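# Residue-level structural notes
Okay, here's what each chain looks like letter by letter:
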Number of protein chains: 2
Amino acid sequence: VSAERVVAVLGRGVVPPGTPILRGDDLGVLRGDGIFETAHVRGGTAWLLEQHLDRMERSAALLELALPHRDSLAELVGQALAAWPAEVEGSIRLVCTRGAEIGPGPVTVFATVAPVPAAVVAARTAGIAVRTATIGLPAELRPGTPWLLGGAKTVSYAVNLATQRWAQDNGADDALWVSADGYALEGPTSTLVWLADATLWTVPAPRTGILAGITARYLLDHADALGLRAGEAMVTPAQLRRTEGVWFTASVRGVAALTSLDGDPLPVAAELSARIRELLGFS
Amino acid sequence: VSAERVVAVLGRGVVPPGTPILRGDDLGVLRGDGIFETAHVRGGTAWLLEQHLDRMERSAALLELALPHRDSLAELVGQALAAWPAEVEGSIRLVCTRGAEIGPGPVTVFATVAPVPAAVVAARTAGIAVRTATIGLPAELRPGTPWLLGGAKTVSYAVNLATQRWAQDNGADDALWVSADGYALEGPTSTLVWLADATLWTVPAPRTGILAGITARYLLDHADALGLRAGEAMVTPAQLRRTEGVWFTASVRGVAALTSLDGDPLPVAAELSARIRELLGFS
C-alpha cells in the first residue's frame with residue numbers, strides 16, 4: 001500500500017501536498033533558523049509523540065524560539081495523521097521556524113507525513129556499512145558552549161547531510177561522527193548503541209552535547225525485556241570493534257546493525273537485532 | 001525613503017512579498033539544505049554581483065547542488081532589483097535550496113530585497129563591541145574534512161545566529177569565532193580585518209575553511225588606494241589587541257570597527273575607518 005505525502009499547517013489544517021506554505025523571507029529557509037522532530041507513524045499514530053514534544057520544547061528553549069503550546073502541536077499532528085492511511089507505515093515531521101524576517105513572530109509551524117523510503121526499511125534487516133568522520137570538536141566541549149547548540153534539533157542539517165553524502169560517496173551507507181579526542185559520538189541522523197558485558201550502552205548526551213536519542217532511550221529503558229542491562233559510556237571506534245554488536249537507532253529507521261566500520265567487519269548479533277526490532281515494534 | 005520588501009522567484013518573476021513560495025517539504029526548510037549569497041544594493045544594482053555568483057557556484061559544488069546557470073541567476077537578480085527603488089540602499093539575498101524532498105530537483109531559487117536595518121547602518125560609524133566565542137574546531141582542520149562544509153555559504157545558519165544571540169545576551173553587539181587552538185577566525189556573518197605595519201590583514205580562507213569574504217577581498221585588493229599593503233595571516237585575540245585597528249567587513253554591513261574585544265577597548269582608527277567606508281562606497 002502506498003500513500004501520498006500529507007502536509008498540515010498550524011491554524012489551517014491539511015493542505016494539498018504541493019501547496020506553497022512558506023514565504024521567501026521565512027527565517028527557516030533563509031537561515032535554517034528553526035527546529036524539528038521526526039516520529040515513526042504506525043497504526044495511524046505517532047510513536048513516542050510525548051517524548052518528541054518534550055525534546056522539541058528543549059530545542060525551542062536553546063534557540064529562544066516561541067514554540068506554540070504542546071496541545072496545539074499535538075492537535076496539528078492529529079490533523080496530519082487523520083489524513084494518512086492508518087495501515088501504512090510513515091514518518092511525520094513537525095517543524096517550527098522563527099517565521100518571517102520582519103518579525104518577531106509569529107513562528108511558522110507545520111507537519112508533513114511521508115512514506116518510509118524502501119532503503120530505510122531494508123537497512124533494518126540488512127544492516128549498514130559505516131565510515132567514521134571527525135566532527136572536529138572535543139567530546140565534552142558543547143555542554144560549556146551553548147552557542148554551538150549541542151542537544152538542539154535544528155533544521156540546520158547541511159553538515160549532517162554532507163557527512164552522509166561523503167560516506168556514501170566513499171562506499172558506505174552512513175557515517176559515525178568521532179570527536180577530536182577520538183570518541184565515537186553519534187550518526188548525523190541516528191544514535192549509537194552497542195552491546196558489551198550483557199549490557200546495551202549508548203553515549204551520554206548531557207556530557208557530550210549529542211542529540212538525546214528517543215528510540216535509544218526507549219530501547220535502553222526496556223533492556224531488561226531482552227535480558228540485558230543498560231548503561232551510558234564514552235567509547236572509541238577501536239573499542240566498538242571489540243563489542244558484541246553495534247547499532248544505529250533513529251525514530252523512523254528504528255534500528256540498523258552496523259555490519260562494518262571503515263571497512264572492517266563488525267560482529268553482527270542477528271538474533272538480538274530481530275528481538276530489538278520486535279521490542280521497538282518494527283516488523 | 002523607505003521601501004517594501006521585494007520577492008522574486010526563478011521562472012516566475014516578482015511576487016507580492018507575503019506570497020508563500022516554498023512547499024512544506026522543501027529541503028531548504030526541512031534540512032537547511034541550500035546555499036545563499038547576500039549583496040549590497042546601491043543605485044539599483046547589486047554590488048560585486050559577479051564575485052557573489054562565483055562564490056555561490058563554489059558553494060553549490062561543495063554541496064553537490066544543481067545551481068542554475070549564472071545567466072538565469074543574474075536575470076532573477078535583475079527582476080528583483082527592477083522592483084526596488086534605485087535611490088534606496090538595500091540588501092539582496094539569492095537563495096538556492098535542493099527543492100522538494102521527493103526530488104531529485106528541481107532546486108528552488110528565489111531572491112529577496114530588503115531595507116538595511118538601521119542598526120547595521122549605525123554600526124558603520126559607531127563601531128561594535130565584540131565577544132570571542134570558540135567554534136570548537138582547530139583552525140586548519142576544515143580543508144581536510146569536506147563534510148564539515150568549510151567555505152560553503154549554506155542556509156544552515158542556526159549556530160551562526162545562536163552565537164550572535166549569545167554575544168548580545170552578554171552585552172556585546174557581535175561575536176568573533178576563535179578556533180580550538182586559539183586563532184581568531186571570523187564573525188558568524190562577517191570577515192575579520194586588521195591593521196598592523198601599514199598593512200591590512202585578513203585570515204587566509206583556503207587554509208582555515210572560513211568563508212572567503214567578498215568585501216574584505218575588495219578592500220585588500222584596493223589597499224594601495226589607502227596607502228597600505230595587504231596580506232593574510234593567522235592571528236590570536238591577544239595579537240589583535242596590539243594592532244592599530246580591527247574591523248568586521250560584510251556585504252551589507254560594509255565595514256564596522258571593533259571598539260572592544262571581550263570588554264577591553266581596542267584602538268579605533270577613526271580616520272582610516274571613514275576612508276575605508278568611502279573606498280567601499282558606504283556613505
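An account of the accompanying structure is given in this report. Note that the structure is predicted; figures quoted are calculated from it, not measured.

All right, on to the packing of helix H2 (residues 49-63) of chain B against helix H3 (residues 70-82) of chain B then. Residues and elements named next belong to chain B. Where H2 contacts H3, the axes come no closer than 11 Å and their chain directions differ by 130 degrees. In terms of axis orientation, H2 runs oblique to H3. Crossing of H2 against H3: the hand is right-handed. Residue-level contacts link Leu49, Glu50, Leu53, Asp54 and Glu57 of H2 to Arg70, Leu73, Ala74 and Val77 of H3. For the contact of H2 with H3, the per-class residue count stands at 5 nonpolar, no polar and 4 charged.

Once chain A is rotated about the relating axis by 180 degrees and shifted along it by 0.0 Å, it coincides with chain B to within an RMSD of 0.0 Å. On the angle and the small slide along the axis, the relation comes out as a two-fold axis. Comparing interface residues between copies, 98% of those in chain A also sit at the interface in chain B, which points to an isologous, same-surface contact.

Residue and element names in this part refer to chain A. Volume-wise, the second largest pocket comes out at about 450 Å³. Residue lining of the second largest pocket: 27 residues in total, with Arg58, Ala205, Pro206, Ala212 and Gly213 positioned closest to the centre. If you list the elements that add at least two residues to the lining of the second largest pocket, you get helix H2 (49-63), helix H6 (205-208) and helix H7 (214-221). For the lining of the second largest pocket, the element with the highest residue contribution is H7, accounting for 5 residues. Considered class by class, the residues forming the lining of the second largest pocket number 14 nonpolar, 7 polar and 6 charged.

The next point concerns unusual backbone geometry. All names here are of chain B. Located in the positive-phi region is Leu149, a residue other than glycine, with phi close to 65 degrees. Structurally, Leu149 can be placed in the loop between strand S8 (128-134) and helix H5 (158-169). Since its relative accessible area comes to 6%, Leu149 is described here as buried. In the Ramachandran plot, Ala198 falls in the positive-phi region, its phi being about 55 degrees despite a non-glycine side chain.

What follows concerns the sheet that holds strand S2 (residues 13-15) of chain A. The strands making up a sheet associate through hydrogen bonds between their backbones, and the pairing can be parallel or antiparallel. Residue and element names in this part refer to chain A. What the 6 strands build is an open sheet, ordered S2-S1-S7-S6-S4-S5; its pairing is antiparallel. Edge strands, defined here as strands with exactly one partner in the open sheet, are S2 and strand S5 (45-46). Pairing geometry for strand S6 (residues 90-97) and strand S7 (residues 108-115), over 8 bridges, is antiparallel. Note that in S7 the partner of Leu94 across the bridge is Ala111.

With that settled, the discussion passes to the sheet that holds strand S1 (residues 6-9) of chain B. All names here are of chain B. Taken in spatial order, the 6 strands of this open sheet run S2-S1-S7-S6-S4-S5, and their pairing is antiparallel. Unpaired on one side and paired on the other, strand S2 (13-15) and strand S5 (45-46) mark the two borders of the sheet. Pairing geometry for strand S4 (residues 34-42) and strand S6 (residues 90-97), over 8 bridges, is antiparallel. Opposite Glu37, over in S6, you have Leu94 as the bridge partner. Against the sheet, H2 engages S4, S5 and S6, with an angle of about 175 degrees to S4.

Let us now look at the interface of chain A and chain B. Between chain A and chain B, the residue contacts involve 54 residues of the former and 53 residues of the latter. Contact between chain A and chain B buries roughly 4,500 Å² in total, counting both sides, with carbon and sulfur atoms accounting for 60%. Among the residues of chain A in contact with chain B, Val29, Arg31 and Trp147 of chain A are the three that bury the most area, contributing 17% of the side total. Applying the counting criterion to the chain A and chain B interface returns 6 salt bridges. Here Asp25 of chain B and Arg5 of chain A are joined by a salt bridge, their closest N and O atoms 3.3 Å apart.

Cut-off values and rules
- Residues numbered from 1 in each chain as written.
- Chains lettered and ligands numbered in written order.
- Predicted model: local features only at pLDDT ≥ 70, side-chain atom pairs only at ≥ 80, totals over all residues.
- Heavy atoms only, no water.
- Axes fitted to C-alpha atoms, helices over the stretch in contact; angles between N-to-C directions.
- Helix = DSSP H or I, 4+ residues; strand = E, 2+ residues; numbered from the N terminus.
- Parallel < 35°, antiparallel > 145°, perpendicular 65-115°, else oblique.
- Left-handed = near helix turned anticlockwise from the far one by under 90°.
- Contact = heavy atoms within 4.5 Å.
- Nonpolar A, V, L, I, M, F, W, Y, C, P; charged D, E, K, R; others polar.
- Least-squares fit on C-alpha atoms with pLDDT ≥ 70 in both.
- 1 Å grid on protein atoms, 1.4 Å probe; cavity = no way out; pocket = protein on both sides within 12 Å on 5 of 7 lines; lining within 4 Å.
- Points joined across faces, edges and corners; volume = space filled by probe spheres on them.
- Buried < 20%, exposed > 50% of the residue type's maximum accessible area, 1.4 Å probe, protein only.
- Pairing = 2+ DSSP bridges.
- Buried area = accessible area lost by both parts, 1.4 Å probe.
- Salt bridge = Lys/Arg side-chain N within 4 Å of Asp/Glu carboxyl O.

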